[in-house]
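One letter stands for each residue in the lines below.
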Amino acid sequence: MPIHLPPVSRRRFLAGSLAAGAGLLLDQPLFAATRATDVHTWALLSDTHLAADRQKIERAVNMTDNFKAIALEVCGLKHLPATVLINGDLALGSGEPGDYAVIADLLQPLREAGMPVHLTLGNHDDRNHFWTALADAGAAARPVADRHVALLRSPRANWFVLDSLEKTNSTPGLLGDSQLAWLARTLDENKDKPALVMAHHNLPVMGDPKMAIKDSEQLLEIIRPHRQVKAYIFGHTHSWGIQQDVSGIHLINLPPTSYLFTPGKPNGWVLATLQRHGVRLDLHCLDLHHPAHGQKVDLKWRAT
Ligand SMILES: [Fe+2]
């Protein structure tokens, strides 16, 4: 199982920070790696849009400040999530090496707290810059040679983490034949648990079809008949929402941690708690006064 970014020990974290010469994270709290972990919970983030310039403001939002606030909140939970998943558009615009240096740095508190972090790529990422900057991720085994995909196993679900980046700074996405073949084959081989499929881009049925995965129909042809697939989780639209495909697959659109395209929508993150026959989603808004803050959604899995 490829671990994209495994947890780091406190000693390694400190050594790394000091070796970098900047002590970049030493102003942030350090958390003991002895916190209780809930193996059924996953922190789901998307569209961080972090920039090399930590002061960068986009649509009146400082993306670094937003991400740091969320990382602090996740690290401060009574029970730590088993894993943090960040669903693409990690970088601000074109996935520059300096963006990923900042991202790697800002991920350290989560990893030092004991949580592995798994990352997908969005249309504002650059795969080669990402692989180069995050050496641990680049070193992971690649089930599909030119894509950043993974099968993540957990007690109550298997997560199929896909790579829908087709071309940096071009809005639509594409999975491609080799990745779809891997997905179909790996779903065939893993029918024992509910399957959750995650990629950055939306499907045409939810959000602007022009922004969606170009080969959405091929994806649906694979996941609809694989009855263990219960949800498709994506970001990209910067618009929190949930719908259900005609097949009963839940479509979960994560909010951005960064800026919004539509004012008034929530930005923040989602804590997903896997149940035996579904999932509970807890929406954590950055604006604690947002009417959606604290929203809890219980989704029941379709029949297998
Ligand atoms: Fe985005």
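Residues numbered from 1 in each chain as written. Predicted model: local features only at pLDDT ≥ 70, side-chain atom pairs only at ≥ 80, totals over all residues. Heavy atoms only, no water.

Novice: Hey, could you run me through the environment of Gln55 in this one?
Specialist: The topology assignment puts Gln55 in the loop between β1 (37-45) and β2 (57-58). By relative accessible area, which is 60% here, Gln55 ends up exposed. Once the C-alpha coordinates of Gln55 and Asp65 are considered, the two residues, ten residues apart in sequence, prove to be 8.6 Å apart. (Helix = DSSP H or I, 4+ residues; strand = E, 2+ residues; numbered from the N terminus. Buried < 20%, exposed > 50% of the residue type's maximum accessible area, 1.4 Å probe, protein only.)

Novice: Teacher, can you tell me more about the coordination of the iron ion here?
Specialist: For a metal with four tetrahedral donors the ideal donor-metal-donor angle is 109.5 degrees, while six octahedral donors give ideal angles of 90 or 180 degrees. Looking at the iron ion, the protein donor atoms are Asp47 (OD), His49 (NE2), Asp89 (OD) and His238 (NE2), and they sit 2.1 to 2.2 Å from it. The site at the iron ion holds four donor atoms, and with the angles between them running 89 to 173°, its shape is irregular. Within one chain, the residues donating to the iron ion are spaced in sequence as D-x1-H-x39-D-x148-H. Residue class for Asp47 comes out buried when judged on its relative accessible area of 0%. (Donors = N, O, S within 2.8 Å, 3.2 Å for Na, K, Ca; no water. Tetrahedral: all angles 85-135°; square planar, octahedral: opposite > 155°, others 65-115°.)

Novice: Any chance you could explain the sheet that holds strand β5 (residues 117-120) here in plain terms?
Specialist: One key point about sheets: their strands pair by backbone hydrogen bonds, in either a parallel or an antiparallel sense. Here six strands make up an open sheet; going across it, the order is β5-β4-β1-β12-β13-β14 and the pairing mixed. Across the chains shown, the open sheet's two edge strands, defined by having one partner strand only, are β5 and β14 (296-300). Strand after strand, the sheet turns through a mean of 25° between neighbouring axes, direction not considered. For strand β4 (residues 80-87) and β5, the ladder comprises four bridges, and the chain directions are parallel. Within β5, the residue paired with Leu85 across the bridge is His118. Helix α2 (residues 63-75) rests against β1, β4, β12 (268-274) and β13 (278-285) of the sheet, and its axis sits at about 155° to β4. On the sheet, helix α3 (residues 97-112) packs against β4 and β5 and is oriented at approximately 140° with respect to β5. (Pairing = 2+ DSSP bridges. Axes fitted to C-alpha atoms, helices over the stretch in contact; angles between N-to-C directions. Contact = heavy atoms within 4.5 Å.)

Take it as geometry only, folks, not as evidence of what the structure does.
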